[in-house]
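Now for the letters of each chain:
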Amino acid sequence: MANTFLLIGSLLGFLGVAAGAFGAHGLRSRLSPDMLAVFETAVRYQMYHVVALLITAAVMARVGDARLLAIAGWSFITGVVLFSGSLYALALTGISGLGAITPLGGLAFLVGWACLAVFAAAR
């Protein structure tokens, strides 16, 4: 599982850097300042949680596949897809209904952080 999280984290990191560059260079003249800020928030939270996923992978590599770590890792991935993905889609399409998905991604992020905390407290 550690290698899976390392691979997915690396791919999401690559995509996050690419999205950030695309936003800074390709979208600045195409999106309103508000939608550009939404896009930048998606990139920022994606990259924060890529780091969290890579940390989860590193801890798993050291201690083994612990259930709480697996839940944390998958929660971070789910959060990136739902939170950042919905914000990317909102910024690029303007479909405001996509914003309803964003809180589910935020909840997934919170589950991931809570699992890491509980795992750390139990060690």
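Quantities reported herein were computed from a predicted structural model and do not represent experimental measurements.

Analysis parameters
As a convention, each chain's residues are numbered from 1 in the sequence order in which they are written. A pLDDT threshold of at least 70 governs which residues receive local features in this predicted model, and a stricter bar of 80 or more applies before side-chain atom pairs are shown or counted, although totals over entire chains, interfaces and linings include all residues. To get the side-chain values, take all heavy atoms of the structure and skip hydrogens and water. Two rings belonging to Phe, Tyr or Trp (six-membered ring only in the last case) form a pair when the distance between their centres is within 6.5 Å. Interplanar angles under 30 degrees mark stacking, angles over 60 mark edge-to-face geometry, and anything in between is tilted. Here a helix means four or more residues in a row that DSSP labels H or I, a strand means two or more in a row labelled E, and each is numbered from the N terminus. Throughout this description, buried means an accessible area under 20% of the type-specific maximum (1.4 Å probe, protein chains only), exposed means over 50%, and partly exposed covers the range between. Helix axes use the C-alpha atoms of the stretch in contact, all axes being lines fitted to C-alpha atoms, and the angles between their N-to-C directions lie in the range 0 to 180 degrees. For this classification, under 35 degrees means roughly parallel, over 145 means roughly antiparallel, 65 to 115 means roughly perpendicular, and everything else is oblique. Throughout, a crossing is termed right-handed when the near helix is turned clockwise from the far one, and left-handed when it is turned anticlockwise from it by less than a right angle. Contacts are assigned to residue pairs that have any heavy atoms within 4.5 Å of one another. As a working rule, the residues Ala, Val, Leu, Ile, Met, Phe, Trp, Tyr, Cys and Pro are called nonpolar, Asp, Glu, Lys and Arg charged, and the rest polar, with Gly in that last group.

Regarding the packing of aromatic side chains
Line of reasoning, step 1. On inspection of all chains with the given rule, the structure shows eight aromatic pairs.
Line of reasoning, step 2. Judged by centre distance (5.0 Å) and plane angle (45°), the rings of Tyr45 and Phe83 are tilted. Pair noted here: Tyr45 is in helix α2 (residues 33-63) and Phe83 is in helix α3 (residues 67-93), with a separation of 38 residues, a long-range link.
Line of reasoning, step 3. Residue classification places Tyr45 among the partly exposed positions, given a relative accessible area of 31%.
Line of reasoning, step 4. One aromatic cluster is present, formed by Tyr45, Tyr48, Phe83 and Phe109 through successive ring pairs.

Let's talk about the packing of helix α1 (residues 2-27) against α3
Line of reasoning, step 1. Where α1 contacts α3, the axes come no closer than 12 Å and their chain directions differ by 20°. Viewed along their axes, α1 and α3 adopt a mutual orientation that is roughly parallel. The handedness of the crossing between α1 and α3 comes out as left-handed. In this structure, α1 uses Thr4, Phe5, Ile8, Leu12, Ala19 and Leu27 to contact α3, whose residues at the interface are Leu69, Ala70, Gly73, Trp74, Ile77, Val80, Tyr88 and Leu92.
Line of reasoning, step 2. When its residues are assigned to classes, the contact of α1 with α3 shows 12 nonpolar, two polar and no charged.

The quantities given are spatial measurements derived from coordinates; they are silent on function.
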